[in-house]
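# Topology and contacts: notes
Here is how the chains run, residue by residue.
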Amino acid sequence: MHASTSTRRILVTGATGTLGRHVIAALEDQPGVGARILSRRERPAVIATGREWVRADLATDSLDAALEDVDGVIHLASDKGSGEADVIGTRRLLAAAEGAGARHVVVISIIGCDRIPLPFYASKVRIEALTRASAIPWTIARVAQFHSFVERLVAAPAALPIPAPIVADLRFQPVDEREVADRLVEIALGTPLGDAPEIAGPEVLTLGEIATTWLAESGRPGTLVPVALDTIAPGSAGLPTIAPWVPGTLEGYRSGANTPHGDRTLGHVRFVDWLRQRRAAGSA
Ligand SMILES: NC(=O)c1ccc[n+]([C@@H]2O[C@H](COP(=O)([O-])OP(=O)(O)OC[C@H]3O[C@@H](n4cnc5c(N)ncnc54)[C@H](OP(=O)(O)O)[C@@H]3O)[C@@H](O)[C@H]2O)c1
């Protein structure tokens, strides 16, 4: 571990991930705040001054060193999959944070995780329950899909060598990861909120609209065939075996269960802005 003179130390799990990298950058913009990265990977030979790195697997390793002298925790880690390892890792992290006397734990979750029957979302519901039962002051921040996530929903089928169908009427309110990071850091350095206002982007878009924007902005070749959910629902199209949670999940996205329904904090960067900013950064 690398010693730091910072006055407030925040441990970030998932710090090497898509969102986590922005959280670390946002923390390092704050005076008097130090960021400690938790990762299963070995510490790189060279890391930024003041940054700390602890190698640990949340599900299996001792977390004592990771929590030592930590003021707050921002918990983002997820190895996806079934989510079972995430639940185990969160239980262990909360116990270690409690033992170490951490003052605030901020746990990310997903908007609609309790309304959409994806198995992975069920693990988020369990993680939320563990957090609410914790003795550490907590904040749960439910977040909408990131711009990078919805981009993958159209970029992957567009890369196929044949015209690929997309369910055009699924709805998203995607958000810029950098805006999520800024908000999570603001929350982590403030008073614990319990259930925080949900975090989403500035506009609701269908997957069809996302595809049209992405194809126009990216200039990539690819043919996406928009189909409506009704035309592919089991029964109407006679689809063969389908996992029992698929229809409810598609219906959940179509009905906007993954968009904010109560108090919310909205970002300003639209999907098209995000694509253009990335292109500008790439050509700078
Ligand atoms: N993608 C979205 O649209 C979206 C929307 C809302 C909420 N979220 C949530 O936001 C969080 C971050 O998502 P992301 O897309 O940034 O994730 P990501 O890029 O897939 O990164 C996952 C991170 O989790 C860490 N990790 C996984 N298993 C671990 C374990 N057992 N022990 C320690 N670290 C572990 C990885 O670290 P190492 O590989 O370095 O160990 C990595 O930094 C997740 O909880 C996700 O569910 C995502």
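Please refer to the structure higher up on the page.
Presented here is an overview of the structure given in this document.

About the cut-offs
Residues numbered from 1 in each chain as written. Predicted model: local features only at pLDDT ≥ 70, side-chain atom pairs only at ≥ 80, totals over all residues. Heavy atoms only, no water. Axes fitted to C-alpha atoms, helices over the stretch in contact; angles between N-to-C directions. Helix = DSSP H or I, 4+ residues; strand = E, 2+ residues; numbered from the N terminus. Parallel < 35°, antiparallel > 145°, perpendicular 65-115°, else oblique. Left-handed = near helix turned anticlockwise from the far one by under 90°. Contact = heavy atoms within 4.5 Å. Nonpolar A, V, L, I, M, F, W, Y, C, P; charged D, E, K, R; others polar. Salt bridge = Lys/Arg side-chain N within 4 Å of Asp/Glu carboxyl O. Buried < 20%, exposed > 50% of the residue type's maximum accessible area, 1.4 Å probe, protein only. Arc of directions from axis to C-beta.

### A short note on the packing of helix α3 (residues 84–100) against helix α4 (residues 119–132)
Relative to each other, α3 and α4 sit at 10 degrees, their axes nearing to 9 Å. With respect to their mutual orientation, α3 and α4 come out roughly parallel. Viewed along their axes, α3 and α4 form a crossing whose handedness is right-handed. Judged by residue contacts, Glu84, Asp86, Val87, Thr90, Arg91 and Leu94 of α3 engage Phe120, Ser123, Arg126, Ile127, Leu130 and Thr131 from α4. The residue makeup of the contact of α3 with α4, split by class, is five nonpolar, three polar and four charged.

### What about the pattern of salt bridges?
Should the charged atoms of two oppositely charged side chains come close, the side chains can pair. In total, this model carries 19 salt bridges according to the counting rule given. One salt bridge connects Arg9 with Glu52, and the closest N-O pair in it is separated by 2.9 Å. Placement of the pair is Arg9 in strand β1 (residues 8–13) and Glu52 in strand β3 (residues 52–55), with a sequence separation of 43 residues. Like Arg9, the residue Glu52 is buried in the burial classification. The salt bridge involving Arg183 is made with Glu186; its shortest N-O contact spans 3.2 Å. With Arg183 and Glu186 both in helix α6 (residues 177–188) and three residues apart, this pair spans about one turn of that helix. One salt-bridge network, held together by shared partners, links Asp114, Glu128, Arg132, Arg142 and Asp195.

### Structural notes on helix α9 (residues 246–254)
All buried positions along α9 are accounted for by Thr249, Leu250, Gly252 and Tyr253. Buried residues of α9, seen end-on, are gathered within an arc of 155 degrees and therefore sit on one face of the element. Just downstream of α9, Gly256 is the residue with a positive phi angle, here 80 degrees.

### Let's talk about the packing of helix α5 (residues 147–158) against helix α7 (residues 207–218)
In contact at an axis separation of 9 Å, α5 and α7 are set at 70 degrees when each is read in the N-to-C sense. Relative to α7, the element α5 lies roughly perpendicular. Once α5 is placed against α7, the crossing between them reads as right-handed. Contact with α5, carried on its side by Val150, Glu151, Leu153, Val154, Ala155 and Ala158, involves Leu207, Ile210, Ala211 and Trp214 of α7 and no other residues of that element.

Spatial relationships are all this shows, so hold off on functional conclusions.
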